[in-house]
Amino acid sequence: MVKYLAKRIARSFLTLAVILTVVFCLLRFMPIEGYFQNFDKMTPQQIQVGLKEMGLSDPLPVQIVRFFGDLLHGDLGVSRIYRANVPVADVLADKVPVSIKLGLWSMVLSLFIGLPLGAVMARYQYRWPDRLGTLFIVCIQAVPAAVYYLYLQLYGTNFLQVGLLFKMEEPKYWILPVFSMSLGNIAFYGMWLRRYMVDESNRDYVKLAKAKGLSEGEIMFKHIFRNAFVPLVQYIPTAFLNTVIGSIYIESLYSIPGMGGLLVQVIKKHDNNMVQGIVLLYACVGVLGLLLGDVLMVMLDPRISLGRKEGDR
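These lines cover the structure that appears in this document, whether it is placed above or below. (Residues numbered from 1 in each chain as written. Predicted model: local features only at pLDDT ≥ 70, side-chain atom pairs only at ≥ 80, totals over all residues. Heavy atoms only, no water.)

## Looking at the overall build of the protein chain
To keep it simple, the criterion reads: A run of H or I in DSSP counts as a helix once it spans at least four residues, and a run of E counts as a strand once it spans at least two, with each numbered from the N terminus. In this scheme, a residue with accessible area under 20% of its type's maximum is buried, one over 50% is exposed, and one in between is partly exposed, where area comes from a 1.4 Å probe on protein chains only. The criterion used for residue contact is that any of the two residues' heavy atoms lie within 4.5 Å. All accessible areas in this document rest on Shrake-Rupley with a 1.4 Å probe, and a residue is counted as covered only by the protein chains that are shown.
When you go through the protein chain residue by residue, the secondary structure sums to 14 helices and two strands. With the C-alpha coordinates of the protein chain rotated into their principal frame, the extents come out at 85 × 60 × 30 Å. For the protein chain, the residues scored as buried account for 41% of the 313 residues in total. Looking at the protein chain alone, contacts between residues at least 24 apart form 71% of all its contacts between residues at least 6 apart. Surface accessibility of the protein chain: about 17700 Å² in total, with carbon and sulfur atoms responsible for 65%.

## Quick word on the nonpolar core
Cut-off, in case you're wondering: Residue types Ala, Val, Leu, Ile, Met, Phe, Trp, Tyr and Cys, when buried and joined through side-chain atoms within 4.5 Å, form a set referred to as a nonpolar core.
Grouped together as the largest cluster of nonpolar side chains are 24 residues, with contacts concentrated most on Leu 92, Leu 262, Val 266, Met 274 and Ile 278. Those elements that place two or more of their residues in this core are helix 1 (2-28), helix 3 (60-72), helix 4 (88-123), helix 12 (259-269) and helix 13 (272-300). In terms of residues, this core owes the most to one element, helix 13, which gives seven residues.

## Description of the layout of surface pockets
For clarity, the cut-off: With a 1 Å grid laid over protein atoms only, a set of points is called a cavity when a 1.4 Å probe fits there but cannot get out and a pocket when it is open yet has protein on both sides within 12 Å along at least five of seven lines; lining residues have an atom within 4 Å of a point. Grid points are joined across faces, edges and corners, and a volume is the space filled by probe spheres set on the points. Each residue gets one label: Ala, Val, Leu, Ile, Met, Phe, Trp, Tyr, Cys and Pro are nonpolar, Asp, Glu, Lys and Arg are charged, and the others, such as Gly, are polar.
As a volume, the largest pocket reaches approximately 330 Å³. Forming the boundary of the largest pocket are 17 residues, of which Arg 28, Met 54, Asp 70, Gly 77 and Asn 273 lie nearest the centre. The set of elements that each furnish at least two residues to the lining of the largest pocket consists of helix 1, helix 3 and helix 13. The element contributing the most residues to the lining of the largest pocket is helix 3, with four residues. Tallied by class, the residues present in the lining of the largest pocket amount to seven nonpolar, five polar and five charged.

## Concerning the side chain of Ser 180
With respect to the element layout, Ser 180 can be found in helix 7 (residues 172-200). Excluding anything up to four places from it in sequence, Ser 180 contacts Tyr 149, Leu 152, Ile 250 and Tyr 254.

## Focus: empty space enclosed by the protein
Throughout the structure, instances matching the rule amount to one cavity of 30 Å³ or more. One number sums up the size of the largest cavity: a volume of about 50 Å³. Lining the largest cavity, in full, are Thr 157, Val 162, Gly 163, Leu 164, Leu 165, Phe 166, Lys 172, Tyr 173, Ile 175, Leu 176, Pro 177 and Tyr 254. With five residues, the single largest contributor to the lining of the largest cavity is helix 7. Residue composition of the lining of the largest cavity, grouped by class: nine nonpolar, two polar and one charged.

## Things to note about the packing of aromatic side chains
The geometry of an aromatic ring pair is captured by two quantities: the separation of the ring centres and the angle between the planes. Our working rule: When two rings of Phe, Tyr or Trp (its six-membered ring) have centres within 6.5 Å they constitute a pair, described as stacked for plane angles under 30 degrees, edge-to-face for angles over 60, and tilted for the intermediate range. Here, a charge over a ring is recorded when the distance from Lys NZ or Arg CZ to the ring centre is within 6 Å and its angle to the ring normal is within 35 degrees.
All told, the structure shown has seven aromatic pairs when counted by the stated rule. Ring centres 6.1 Å apart and planes at 10° place the aromatic pair Tyr 151 and Tyr 155 in the stacked group. Linking Tyr 151 with Tyr 155, this pair stays in helix 6 (residues 145-160), spanning four residues, or about one helical turn. With a centroid separation of 5.8 Å and an interplanar angle of 35°, the aromatic rings of Trp 192 and Tyr 196 are classed as tilted. One end of the pair, Trp 192, and the other, Tyr 196, are both in helix 7, four residues apart, so they sit about a helical turn from each other. Residue classification places Trp 192 among the partly exposed positions, given a relative accessible area of 26%. A connected cluster of aromatic rings, assembled from ring pairs, spans Phe 24, Phe 67 and Phe 68. The ring of Tyr 124 carries Arg 123 above its face, with NZ or CZ at 5.0 Å from the centroid. Here the basic side chain of Arg 195 rests over the ring of Trp 192, its NZ or CZ set 4.5 Å away from the ring centre.

## Some words on helix 2 (residues 44-53)
Our working definition: The directions considered for the arc run from the helix axis to the C-beta atoms.
Listed as buried for helix 2 are Ile 47, Gly 50 and Leu 51. Each buried residue of helix 2 sits inside an arc of 100° when the element is viewed along its axis, so together they form one side. Exposed and facing more than 90 degrees away from the buried side of helix 2 are Gln 45, Lys 52 and Glu 53.

Fair warning: the whole summary comes from geometry, so function is off the table for now.
Have a look at this one:
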């Protein structure tokens, strides 16, 4: 298992290095206005001096080596437009905790509702609980998220008696954003857990458990649920991390001072260093999610690593 995880970690770092290199190169082809706060008022000579001071006049390979060297020391560069001369790391330090808290609560809610939903749908297959759950899943997947986000905000703010502008210190202002962000994952967990549990219900060990006289509910929730949850667990870290970084629309909709709104703002302002820092963070989040998913799968079912070792032979 250690060897398998070591390979996965090495592949993750290699993937991350490739992503960062590609993003770095693409940003170097963007207009240079994003590196200067008063670009329109600068002379060509001032622009060239500024580019040289920032090291942007050096050959691209030299810039890439310098970028990874600074990255190893925790230096993500300096914001040039969004917050002039403020380190990107300091800007992100104020925003990331808000998005993490929002994503964490939405993931807890999605697991708390989605897993029981899928289990109940599988337990009462083709009956009214299953039909109602299927209707909910179809509606969430078929209707664009922006549509029900707006309806939740429109009617939810009146119901909860809250304003449109987000207030971090008041708990009731977290309800609508958290619930809105959790709907997609609730449908995802409900749909796939039901499918896995239905597949598991046809296994031989289920027939044996019935022959031993175990009740249907005991078989469903103590045996089938546990085995059906194994393939689903690999998506939990990725889903949580994607929830954190995928809250762009929600944070903009409720004016939440997190990562989502920040990305939109720095793109509009063409602050290339800020865009580069945020993309770096998102890339790390995505790779880390895939790695944690593999780790959880191996921890819950060691046969996965053994099977892959035999396949490699």
